[in-house]
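# Analysis of the macromolecular model
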Amino acid sequence: MLVTGQEFTESKPNPDIYCFTAKELGVNVQQCIVVEDSTYGIEAGKRAGMYVMAHHDVRFGFNQSRADEIFYDFLEFFRKIKERA
């Protein structure tokens, strides 16, 4: 399944893209993990009621403080996902 922001009238931080995708997959939003880096993306994930993991990024001055967790590389991300399973 491919879902893009072009399918929605509002963009992030509106959570519609995340809520729609969870519904289409048949999963509860509380079972979902959002991977983001941007302030708006993180906010959209939180508004959707999902757990948000942010990829640490200082290049664009994003505020990542609302993320539930921050990871610094994808090896760390996969380790954290495995620990949650």
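Our subject in this report is the structure included herewith.

Cut-off values and rules
- Residues numbered from 1 in each chain as written.
- Predicted model: local features only at pLDDT ≥ 70, side-chain atom pairs only at ≥ 80, totals over all residues.
- Heavy atoms only, no water.
- Pairing = 2+ DSSP bridges.
- Helix = DSSP H or I, 4+ residues; strand = E, 2+ residues; numbered from the N terminus.
- Right-handed = clockwise from strand over helix to strand, strands pointing away.
- Phe/Tyr/Trp six-rings, centres within 6.5 Å; stacked < 30°, edge-to-face > 60°.
- Buried < 20%, exposed > 50% of the residue type's maximum accessible area, 1.4 Å probe, protein only.

## Things to note about the pairing of strand S2 (residues 51-55)
Sheet topology places strand S1 (residues 33-36) next to S2; 4 bridges connect them, and they run parallel. Within the sheet, the bridge partner assigned to Val 35 lies in S2 and is Met 53. Handedness of the crossover joining S1 and S2 through helix H2 (residues 39-47) is recorded here as right-handed. Across 3 bridges, the pairing between S2 and strand S3 (residues 69-71) is parallel. The residue of S3 that forms the bridge with Met 53 is Glu 69.

## A few points about the packing of aromatic side chains
Overall, the coordinates contain 6 aromatic pairs when judged by the stated rule. Measuring from centroid to centroid gives 5.6 Å for Phe 8 and Phe 20, while their planes differ by 75°, and the two rings are edge-to-face. Of this pair, Phe 8 sits in the segment before helix H1 (16-25) while Phe 20 sits in helix H1, and the two are 12 residues apart along the sequence. The partly exposed category is assigned to Phe 20, whose relative accessible area is 32%. Between the aromatic rings of Phe 74 and Phe 77, the centroid separation amounts to 5.9 Å while the plane-to-plane angle is 75°, which identifies the pairing as edge-to-face. Linking Phe 74 with Phe 77, this pair stays in helix H3 (residues 74-84), spanning 3 residues, or about one helical turn. Since its relative accessible area comes to 10%, Phe 77 is described here as buried.

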